[in-house]
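Observations on chain architecture
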Amino acid sequence: MRLKIRKMNNYYYYSIIMDYTNLNGKRITNVFEKPGNQEQAEKSIETNNVSRKG
């Protein structure tokens with residue numbers, strides 16, 4: 001999984017991307033979750049009790 005960050009008009013939008021390879025060797029990319037902008041992402045982190053390391 002990886003985090004994709006897009007910047008538009010001084011706002012950051014986040015997406016969590018899941019990459020994997022199927023049995024045929026083809027790489028597949030799917031959007032796992034779209035937390036949205038920074039405020040929505042922080043609210044999601046607080047709701048899901050994810051600890052921040054820093």
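Residues numbered from 1 in each chain as written. Predicted model: local features only at pLDDT ≥ 70, side-chain atom pairs only at ≥ 80, totals over all residues. Heavy atoms only, no water.

The next subject is the pattern of salt bridges. Taken as a whole and assessed by the stated rule, the structure comprises 2 salt bridges. For Arg2, the salt bridge identified is with Asp19, shortest N-O distance 2.7 Å. Taken together, the residues span a long stretch of sequence, with Arg2 in strand E1 (residues 2-8) and Asp19 in strand E2 (residues 11-21) at a distance of 17 residues. Across the salt bridge formed by Arg27 and Asp19, the nearest N and O atoms sit 3.4 Å from each other. Given a relative accessible area of 58%, Arg27 falls into the exposed group. We classify Asp19 as partly exposed; its relative accessible area is 23%. One network of salt bridges, in which partners are shared, links Arg2, Asp19 and Arg27. (Salt bridge = Lys/Arg side-chain N within 4 Å of Asp/Glu carboxyl O. Helix = DSSP H or I, 4+ residues; strand = E, 2+ residues; numbered from the N terminus. Buried < 20%, exposed > 50% of the residue type's maximum accessible area, 1.4 Å probe, protein only.)

Moving on to the sheet that holds strand E3 (residues 27-37). Pairing within the open sheet is antiparallel, and its 3 strands lie in the order E1-E2-E3. Each edge of the sheet is formed by a strand with only one pairing partner; in this case those strands are E1 and E3. Neighbour-to-neighbour, the strand axes of the sheet open up by a mean angle of 30°, direction not taken into account. Pairing between E2 and E3: 8 bridges, direction antiparallel. Directly across from Ile17, in E3, lies its bridge partner Val31. (Pairing = 2+ DSSP bridges. Axes fitted to C-alpha atoms, helices over the stretch in contact; angles between N-to-C directions.)

Let us now look at the side chain of Ser15. With respect to the helices and strands, the residue Ser15 is situated in strand E2. Overall, Ser15 belongs to the buried group, its relative accessible area being 5%. Not counting the four nearest positions on each side in its chain, Ser15 is found in contact with Arg2, Leu3, Lys4, Arg6, Glu33, Lys34 and Pro35. (Contact = heavy atoms within 4.5 Å.)

Spatial relationships are all this shows, so hold off on functional conclusions.
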